[in-house]
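Chains, contacts and geometry: an overview
The lines below spell out each chain.
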Amino acid sequence: MKLVELLCEARKSSGKSTKDLGTTRATSNDIKSALAFVSKHAGIPLDDLKANLLGSTPHTLLGTKQDSGDIDIAVDASKYNEKSIVKKMLDATGQDEIHRAGKGVFSFAVPVEGGNKVQVDLMLVPSTEWARWAFHSAPGSKYKGAVRSLLLVNMMKQVWEKDRDLEVDGEDGEPVIRVRRSFKADEGLERLFKVRKMRKDGKGRTKNLGKATPDEVQAELDRMGLDHKFDRRPDPIRDPDKAAELMFGKGVKGKDILSVEQIIQLIKKRKDAATIFKNTMDDLKEQGHEVPPELEQYRGSK
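Residues numbered from 1 in each chain as written. Predicted model: local features only at pLDDT ≥ 70, side-chain atom pairs only at ≥ 80, totals over all residues. Heavy atoms only, no water.

With that settled, the discussion passes to the packing of aromatic side chains. Tallied over the entire structure, the rule returns three aromatic pairs. Measuring from centroid to centroid gives 5.9 Å for W130 and F183, while their planes differ by 50°, and the two rings are tilted. Remark: F183 occurs in strand β7 (residues 175–184) and W130 occurs in helix α6 (residues 128–134); sequence separation between them is 53 residues. With a centroid separation of 6.4 Å and 65° between ring planes, the pair formed by F193 and F230 is classed as edge-to-face. Residue F193 is located in strand β8 (residues 188–195), and its partner F230 is located in the loop between α8 (214–224) and α9 (240–248); the two are separated by 37 residues in the primary sequence. F230 gets classed as buried once you look at its relative accessible area, which sits at 12%. Following the ring pairs from residue to residue traces out a cluster consisting of W130, W133 and F183. Its end group placed over the ring of W133, R148 keeps NZ or CZ at 4.8 Å from the ring centre. (Phe/Tyr/Trp six-rings, centres within 6.5 Å; stacked < 30°, edge-to-face > 60°. Helix = DSSP H or I, 4+ residues; strand = E, 2+ residues; numbered from the N terminus. Buried < 20%, exposed > 50% of the residue type's maximum accessible area, 1.4 Å probe, protein only. Lys NZ or Arg CZ within 6 Å of the ring centre and 35° of its normal.)

If you want it as structure tokens, here you go:
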């Protein structure tokens, strides 16, 4: 099967891990061995791979964590071609099927010293600096990086940029148009354009907001007879300091929101803290994550 066909097939099996290929949890020595393998076969300098380890993987490499379920590595998409990287790694590992863990994320069962295999996830991103920060797992925190991410996702839902963002409700009181930034761990704080489009059968609108283009947003405004303005640029923010300031105000830096504990303390100062915490708890429970006890007091908030 050609690589382009494999890439299309990978979209159908998105989220599939490499456990079926016999991978085990990775120790510090396993990570060292796997990084050497990836460097040799993918053509990425070893120092770059080490510098762009994500989540808790750096802690395992340093020996402060016993092991990791997989080895997550950010790869600069502007320097490396996705198809080329995938082909080289497929050839090197002998895999005849692409395991895709998400958009731009490819999983490989990499052989390590001792005869074992470990899962290596290569994540092609527009900014490795942003990825390292967005997927950061604070060594002293009681909580996983997923909790931090969901707090920031729900924090961004409350951030409004005057004269740049837009939300228009329909006759049913539900949003018909929404233009605002969203926290995306791989892409940055990117402005998304969404519209509840008219149904093709003429029976009202679709149930949910769907992805749209700025032109489609403008067309819907024109159809509704509205003269609202909005920023047509996705304008992603990938500087952690700029992102932190937008979310939490002047003077707050990226280093100030590296842990769940830091973020909770900053959110508590906001008038909409209860909404942010309640929405985060709902998302955590839906995804099967532990809810921080600090948030329990907000259970049932609206």
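Right, let's get into the confidence of the model for the protein chain. Confidence in the prediction for the protein chain averages 90 pLDDT; 93% of positions are at 70 or higher. Within the model, pLDDT remains below 50 along residues 1–15, and this stretch shows 27 contacts once partners closer than five positions in the same chain are excluded. (pLDDT = per-residue confidence, 0-100. Contact = heavy atoms within 4.5 Å.)

On strand β6 (residues 166–169), burial follows the alternation: L166 and V168 on one face are buried, whereas E167 and D169 on the facing-out side are not. Between the end of β6 and the start of β7, which pair antiparallel, lie five residues, with G173 showing a positive phi angle near 85°. (Pairing = 2+ DSSP bridges.)

With that settled, consider unusual backbone geometry. Of note, the phi angle at D163 is positive, near 70°, even though the residue is not glycine. Within the fold, D163 resides in the loop between α7 (145–156) and β6. The phi dihedral of D235 falls on the positive side, at around 45°, and the residue is not glycine. In this structure, D235 sits in the loop between α8 and α9.

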